Structure formats: structure tokens, C-alpha cells
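# Understanding the architecture of this molecule
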Amino acid sequence: MRGNSQLSFGAPCVAFDLDGTLLRSEPLVRQVLADAAEDQGLELGFEGESPVHLLGMTSEDFYRGALRPEDSDRWEDLRLAARDRYAVYMESRAELYEGVEGTLTALRTRGYRLLVCTNAGERYVRAALDATGISDRFERIWWNPDGLTPKSTVLGRAVRETGCGPSIMVGDRLMDMDAARAVGARAIGARYGYGLEHELEGADAIID
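Residues numbered from 1 in each chain as written. Predicted model: local features only at pLDDT ≥ 70, side-chain atom pairs only at ≥ 80, totals over all residues. Heavy atoms only, no water.

This part is about the environment of Val88. Along the chain, Val88 falls in helix H3 (residues 75–93). Under the relative-accessibility criterion, Val88 is labelled exposed at 57%. When the C-alpha positions of Val88 and Trp75 are compared, they lie 21 Å apart, and in sequence the two are 13 residues distant. (Helix = DSSP H or I, 4+ residues; strand = E, 2+ residues; numbered from the N terminus. Buried < 20%, exposed > 50% of the residue type's maximum accessible area, 1.4 Å probe, protein only.)

Below is the structure:
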């Protein structure tokens, strides 16, 4: 780990992003998008490549970005087709990063209050946490209510409603770092996730 030597790890709350931080979601997302697009007669804009650049975005940006520009107005069709598949695919394909379960257990044992704060929708989040068996590790879970709300707003609500004091946000993308700064939380960048190196600049610490 590297970063600000003044970072306090005695903070009572740690909020985790989901995709690219807890969940190794790229293979699952790639397959779901491919099958959902085929079902709707659509073509993906990243055909043959990885959709990792989309992970962490709000719902509308994610699905618009997944399609070719000429089809982007049908993002809602793709979203609905994908939503139905996630619940089915998640049980057999959801995969946590190595060390996640042990880390969450250790943090809880040390008295941290653990939260999830993600741009993903409710059905996706619940399916992912249930399939990986870690739902009970978290005190509360926040998802994006409409696919449009900025992550800083979601995190801000989490901090207010839990009454957390000094808080930490752990994530792999720029929007996680920005959300932490917006609410006065410390930011820990997950370099093993899907963000590019420059997205984690300014994080209080980086974990590999």
C-alpha cells in the first residue's frame, strides 16, 4: 500500500464499490451484454473487445456506451434484456476477487462498519451479493436508484443515513475517488480493478 501517511484506519465506516473492487465482473458482464444484444437484434460497440471501460458508469451511460452510436437510443431495450439475464447467470458466474471474504471478515472483527456503495441497480447488486455469499458482511447496501444519480450523491446519502464519522471509500474508478472527495471521505484506490492508472491519482492510498 502507498499513499498519505496520515491516513487513519480507525474510521468506523468503509464503503466498497462493487464491480472491479469486490466482484470480478468483466467475464459475466461481457457474456450478458453479448446475449442480450443478440436477443434484441443489436450490435455492441466494443465487439471483440472488453467492456471494462464501461464498468462503474451509471446505467444509462453504461448501456449507451455498450452500443454502436447509431443504436444508442435503444439502450433501455438492452438494459431490460440484460437485467433478466443477470439473475440467471449470476449464480454460476459471479466471482469475488481473491482475498475479499477474508478482508471483510477481518475488518468486521476489528469493529469497522461495512457498506456497499455502487452505481449498479438493485437487482444486479442483490443478485451479486447473494450469489457470492457476502450479503451478511455489510451493514447496509446502497445502489443507484435510477441509473442517473451521481455516485457522490449515493455515497453522501450512505454517510448521512448511517451517521458515520470519518469514512473511507474503496473503489477502482475515478467516480469513486471523486465521490469520496465530494463527501469528505478518504479514498482508497483498488489498482487491481478496471480503472486506468490515472483514475486513481489523488487517492489517499492504493491497494494492489
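Now that the structure has been shown, the text picks up again.
Looking now at the packing of aromatic side chains. If you walk through the whole model with that rule in mind, you get four aromatic pairs. Summarising the aromatic geometry, the rings of Phe16 and Phe138 are spaced 6.4 Å apart at their centres and angled 70° between planes, so their arrangement reads as edge-to-face. Separated by 122 residues along the polypeptide, Phe16 in strand E2 (residues 13–16) and Phe138 in the loop between helix H5 (122–132) and strand E4 (140–142) bring together distant segments of the chain. No difference in accessibility class separates Phe16 from Phe138, as the two residues are buried. Seen from their ring centres, Phe62 and Tyr63 are 4.7 Å apart, and the 80° between their planes marks the pair as edge-to-face. (Phe/Tyr/Trp six-rings, centres within 6.5 Å; stacked < 30°, edge-to-face > 60°.)

As for its placement among the helices and strands, Glu26 is situated in helix H1 (residues 26–40). With relative accessibility at 12%, the residue Glu26 sits in the buried group. Discounting chain neighbours no more than four positions away, the residues touching Glu26 are Ser50, Pro51, Val52, Leu55 and Tyr194. (Contact = heavy atoms within 4.5 Å.)

Tallied over the full model, the rule gives 21 salt bridges. A salt bridge links Glu70 to Arg68; the shortest N-O distance between them is 3.3 Å. Judged by relative accessible area, which is 26%, Arg68 ranks as partly exposed. It is possible to trace a salt-bridge network through shared partners that takes in Glu43, Arg68, Glu70 and Asp71. (Salt bridge = Lys/Arg side-chain N within 4 Å of Asp/Glu carboxyl O.)

For the rest of this paragraph, the subject is the confidence of the model for the protein. Confidence in the prediction of the protein, expressed as mean pLDDT, is 91, and 95% of residues score 70 or more. For the protein, per-element mean pLDDT is lowest for strand E1 (residues 2–3), which scores 42, and highest for strand E6 (residues 186–190), which scores 97. The low-confidence segment residues 1–11, where pLDDT is below 50, has 27 contacts with residues more than four positions distant or belonging to other chains. (pLDDT = per-residue confidence, 0-100.)

Attention shifts here to the environment of Asn144. Topologically, Asn144 is positioned in the loop between E4 and helix H6 (151–162). Residues Asn144 and Leu115, 29 residues apart in the sequence, show an inter-C-alpha distance of 14 Å. Residue contacts for Asn144: discarding those within four places in its chain leaves Thr58, Thr118, Asn119, Ala120, Gly121, Thr149 and Val154. Here the side chain of Asn144 touches Leu148 through a polar contact of 3.3 Å, landing on its backbone nitrogen. A distance of 2.7 Å separates a polar side-chain atom of Asn144 from the backbone oxygen of Thr149. (Polar contact = N/O pair within 3.5 Å; in protein donor to acceptor, adjacent residues only side chain to side chain.)

Per the stated rule, a full pass over the model turns up one disulfide. A sulfur-sulfur distance of 1.9 Å marks the disulfide that ties Cys13 to Cys164. Linking Cys13 and Cys164, the disulfide has an S-S dihedral of approximately -65° and is accordingly described as left-handed. Of this pair, Cys13 sits in strand E2 while Cys164 sits in the loop between H6 and strand E5 (167–171); the two residues are 151 residues apart in sequence, bridging distant segments of the chain. Given a relative accessible area of 11%, Cys164 falls into the buried group. Of the cysteine sulfurs around Cys117, a residue in no disulfide, the closest is that of Cys164, at 11 Å. For Cys117, a relative accessible area of 1% gives the class buried. (Disulfide = S-S within 2.5 Å.)

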